[in-house]
Amino acid sequence: MEAALRRLPSHGWINGWFGRRDRALLVVAGAGVPYRRIAALTAGDVALIDGVAAINTTIRSVTLHPDEDPVLCGPCALVRWLRALHLALTSPATRTLAGAIDRAAAVDGASPHLCRSRRPIAQGIGAVPLLPPIDPRGHLAIDPRPLSPHSLSFLARGNTTGPGAVHRVDPRTPNEPQPPPPPATPVVPPPTP
């Protein structure tokens, strides 16, 4: 799982958006939460106390302790995802989220530990599924539903078994300018006899 966490993007639209969600999935699954329980989690089931993430499933509570390396830190991964999810659900346009993730610095060993932040992580989005599907253009559904256990398993396996992409991304992202139309061919009148 360490290799997958190091490989997943955390910045840049649109891959950073998928990467943040998938990183959150991997740390929750890596803590031993079964996919059927992960599918039932909401953003409000995650709490952060003094850098430690508590995930309350319907059966038990799972604790994720911080790692010294921000790339591998499970609580940091959850905070980064929940902040992005909050922005996606509360901003009026995908362009806002796209710009924020596009401008974000890559997560590396020198990144700040967001798990130590005092900012609330799921304020106003507590009832939203923790890991909703994202369409190829980066949009969430208006009324997000959780990913199925099968989809969660597919994403986790795809991200941990190699460098192959598990997402089909529409290359026309919301913050990319569309290519200009081809120049018009000048119409030359025929020569007069």
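Reference entry: report on the structure contained in this document. Residue positions within a chain follow its written sequence, with the count starting from 1. A pLDDT threshold of at least 70 governs which residues receive local features in this predicted model, and a stricter bar of 80 or more applies before side-chain atom pairs are shown or counted, although totals over entire chains, interfaces and linings include all residues. No hydrogens and no water enter the side-chain calculation; it runs on all heavy atoms of the structure.

For helices the rule is a DSSP run of H or I covering at least 4 residues; for strands it is a run of E covering at least 2, with both sets numbered from the N terminus onward. If you tally the helices and strands in the chain, you get six helices and three strands. Mapped from its N terminus to its C terminus, the chain presents α and β elements in the order α-α-α-β-β-β-α-α-α. Taking all 193 residues of the chain together, the buried fraction comes to 45%. Partitioning the contacts of the chain with sequence separation of at least 6, the portion at a separation of at least 24 is 69%. Each residue gets one of three labels from its accessible area relative to the maximum for its type: buried under 20%, exposed over 50%, partly exposed in between, using a 1.4 Å probe on protein chains only. Two residues form a contact once any of their heavy atoms are found within 4.5 Å.

On to the packing of aromatic side chains. Only the six-membered ring of Trp is used, alongside the rings of Phe and Tyr, when aromatic pairs are assigned; centres must lie within 6.5 Å, and planes under 30 degrees apart are stacked while those over 60 apart are edge-to-face, with the rest tilted. Taken as a whole and judged by the stated rule, the model has two aromatic pairs. With 6.3 Å between their ring centres and 20° between their planes, Trp13 and Trp17 make a pair best called stacked. Comparing Trp13 with Trp17 shows no difference in burial state: the two are buried. Grouped by ring-pair contacts, the aromatic residues Trp13, Trp17 and Trp81 constitute a single cluster.

Pairing between strands is defined by DSSP: at least two bridges between them are needed. The strand order across the open sheet built from three strands is S1-S2-S3, with neighbouring strands paired in antiparallel fashion. In this open sheet, the two strands that pair with only one neighbour each are strand S1 (46-49) and strand S3 (61-64). The sheet shows a mean angle of 25° between the axes of neighbouring strands, taken without regard to direction. Where S1 and strand S2 (residues 52-56) come together, four bridges link them in antiparallel fashion. Paired with Val46 across the strands is Ile55, a residue of S2. Strands S1, S2 and S3 of the sheet are contacted by helix H4 (residues 74-90), whose axis makes an angle of about 120° with S1. Under this scheme, a helix contributes an axis fitted over its contacting stretch, all axes are lines through C-alpha atoms, and angles between N-to-C directions fall in the 0 to 180 degree range.

The next point concerns the pattern of salt bridges. Take a side-chain nitrogen of Lys or Arg and a carboxyl oxygen of Asp or Glu: if they are within 4 Å of each other, that pair is a salt bridge. Scanning all chains against the criterion turns up five salt bridges. In this structure, the salt-bridge partner of Asp143 is Arg145, at a minimum N-O distance of 3.0 Å. For Arg145, a relative accessible area of 54% corresponds to the exposed category. A single network of salt bridges, built from pairs that share partners, joins Glu2, Arg6 and Asp69.

Burial along S3 is one-sided: the face carrying Val62 and Leu64 is buried and the face carrying Ser61 and Thr63 is not. Between the end of S2 and the start of S3, which pair antiparallel, lie four residues.

Let's shift gears to the nonpolar core. Among buried residues, those of type Ala, Val, Leu, Ile, Met, Phe, Trp, Tyr and Cys that are joined through side-chain atoms within 4.5 Å constitute a nonpolar core. In terms of nonpolar packing, the biggest core is built from 49 residues, with Trp17, Leu78 and Trp81 touching the most fellow members. Among the elements of the structure, helix H1 (2-7), helix H2 (15-30), helix H3 (35-40), S2, S3, H4, helix H5 (94-103) and helix H6 (149-160) are those that each provide at least two residues to this core. Of the residues forming this core, the biggest block, eight residues, is contributed by H2. In contact with Leu78, other than residues within four places in its own chain, are Ala24, Val27, Val28, Val46, Ala53, Ile55 and Leu64.

One can describe the packing of H2 onto H4 by two numbers: an axis separation of 8 Å at closest approach and a directional angle of 135°. Considering their axes alone, H2 and H4 lie oblique with respect to each other. Once H2 is placed against H4, the crossing between them reads as left-handed. Along the contact surface, H2 presents Trp17, Arg20, Arg21, Arg23, Ala24, Val27 and Val28, while H4 presents Gly74, Ala77, Leu78, Arg80, Trp81, Ala84, Leu85 and Ala88. Residue composition of the contact of H2 with H4, grouped by class: 10 nonpolar, one polar and four charged. We call two directions roughly parallel when the angle between them is under 35 degrees, roughly antiparallel when it is over 145, roughly perpendicular when it lies between 65 and 115, and oblique otherwise. For any helix crossing, the convention is left-handed if the near helix is rotated counterclockwise from the far helix by under a right angle, and right-handed if that rotation is clockwise. Each residue gets one label: Ala, Val, Leu, Ile, Met, Phe, Trp, Tyr, Cys and Pro are nonpolar, Asp, Glu, Lys and Arg are charged, and the others, such as Gly, are polar.

Within the secondary structure layout, Arg83 lies in helix H4. Charged residues are defined narrowly, with Lys and Arg counted positive, Asp and Glu counted negative, and His plus the chain ends left uncounted. No salt bridge is formed by the buried Arg83, whose closest oppositely charged neighbour, Asp50, lies at an N-O distance of 13 Å. If sequence neighbours within four positions are ignored, Arg83 has contacts with Leu114, Ser117 and Arg119.

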